[in-house]
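Coordinate inspection notes
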Amino acid sequence: MYINHPSQINMKNIVLLISIALIYCLPLSAQQQTIPTQADTADFPYWIEMMQDPEINFYDVQHAFNTYWEGREITKGCGFKPFKRWEYRMQDHIYPDGTRRPEDHVWNEYHKYIASHPGARSANGDWINLGPFYIPSGKGYKGLGRLNALAFHPTDASTIYVGAPSGGLWFTTDGGGTWNSFTDDLPTLGVSSIIVRYDDPGTILIGTGDRDAGDAVG
């Protein structure tokens, strides 16, 4: 009669255990890899992993989040607010179909533009700080004003446009000596972006609202 040596028995048992573990782990691994795509579950917060995966569509993550939180109580530290911050930021960094733009998208587009428009950047300029330089004690920056956007006329260096967070669009035609505004009747006075049409400088487009501090809606 042949009797296995104890070391042989242990080794066989180890091999058997490893084989069983692999059999059970393989489906589990496959299941874990598909978790980010299960966007409509209401039982598990898959959106936490999905929001960190740049390959997953923004709208799928949004749907998974909304489905999970439907009927649930929002409590402190539950992750609801961090997601909303992520959602607010990410909605401006996606394509129309919800595909996320690469993190270096703006960087690449900027250098692509500079390469094809070598005269777009210039070191020329003569800027002088006109103040105000004194900040009233205890009042912070109250009364000092704030600007969100700056634009220039394509051919007239004396014409400059600025956008205020809650004060409208202002322009000067004498290099900053005097300023005027024609946006006092707009329903919202926040201006965060300005585009002057180069082929028709009389046409100016503005993006309304205060994107920096939310002092005006857009």
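Residues numbered from 1 in each chain as written. Predicted model: local features only at pLDDT ≥ 70, side-chain atom pairs only at ≥ 80, totals over all residues. Heavy atoms only, no water.

Summing up its helical and strand segments, the protein has five helices and six strands in all. Taken from N to C terminus, the helices and strands of the protein fall in the order α-α-α-α-α-β-β-β-β-β-β. In the protein, which comprises 218 residues, the share counted as buried stands at 23%. Of all intrachain contacts in the protein linking residues separated by at least 6 positions in sequence, the fraction that spans at least 24 positions is 37%. With an accessible surface of roughly 16400 Å², the protein has 57% of that area assigned to carbon and sulfur atoms. (Helix = DSSP H or I, 4+ residues; strand = E, 2+ residues; numbered from the N terminus. Buried < 20%, exposed > 50% of the residue type's maximum accessible area, 1.4 Å probe, protein only. Contact = heavy atoms within 4.5 Å. Areas by Shrake-Rupley, 256 points an atom, 1.4 Å probe, with all protein chains shown as cover.)

Moving on, we come to the packing of helix 3 (residues 58–69) against helix 4 (residues 80–90). In contact at an axis separation of 12 Å, helix 3 and helix 4 are set at 155° when each is read in the N-to-C sense. Taken together, the axes of helix 3 and helix 4 lie roughly antiparallel to each other. Of the two possible hands of crossing, helix 3 and helix 4 adopt the one that is left-handed. In contact with Phe58, Val61, Gln62, Phe65 and Trp69 of helix 3, helix 4 contributes Phe80, Phe83, Lys84, Trp86, Glu87 and Met90. Along the lines of polarity and charge, the residues of the contact of helix 3 with helix 4 split into eight nonpolar, one polar and two charged. (Axes fitted to C-alpha atoms, helices over the stretch in contact; angles between N-to-C directions. Parallel < 35°, antiparallel > 145°, perpendicular 65-115°, else oblique. Left-handed = near helix turned anticlockwise from the far one by under 90°. Nonpolar A, V, L, I, M, F, W, Y, C, P; charged D, E, K, R; others polar.)

Attention now goes to the pairing of strand 1 (residues 149–152). What you see with strand 1 is a clean split: Ala149 and Ala151 sit on the buried side and Leu150 and Phe152 on the side with no burial. Pairing geometry for strand 1 and strand 2 (residues 160–164), over four bridges, is antiparallel. When the bridges of strand 2 are listed, Phe152 appears paired with Ile160. (Pairing = 2+ DSSP bridges.)

Now for a nonpolar patch on the surface. A surface patch of nonpolar side chains, amounting to about 380 Å² of accessible area, comprises Trp127, Leu150 and Phe152. Take Leu150: it is sitting in strand 1. Exposure remark for Leu150: the relative accessible area of 46% places this residue in the partly exposed category. (Patch = residues over 30% accessible without salt bridge, like charges linked within 9 Å, V, L, I, M, F, W, Y side chains within 5 Å. Salt bridge = Lys/Arg side-chain N within 4 Å of Asp/Glu carboxyl O.)

Attention shifts here to the layout of surface pockets. Taken as a whole, the largest pocket spans an internal volume of roughly 1300 Å³. For the largest pocket, the lining is made up of 37 residues, of which Trp127, Leu150, Ala151, Phe152 and Ile160 are closest to its centre. For the lining of the largest pocket, the secondary-structure elements that each account for two or more residues are helix 5 (105–116), strand 1, strand 2 and strand 5 (191–196). When residues in the lining of the largest pocket are grouped by element, the largest group, four residues, is from strand 1. Taken together, the residues of the lining of the largest pocket break down into 22 nonpolar, twelve polar and three charged. Counted as a void, the second largest pocket has a volume near 180 Å³. Lining the second largest pocket, in full, are Pro132, Leu144, Gly145, Arg146, Leu147, Ala164, Pro165, Ser166, Gly167 and Asp215. Classifying every residue of the lining of the second largest pocket gives five nonpolar, three polar and two charged. (1 Å grid on protein atoms, 1.4 Å probe; cavity = no way out; pocket = protein on both sides within 12 Å on 5 of 7 lines; lining within 4 Å. Points joined across faces, edges and corners; volume = space filled by probe spheres on them.)

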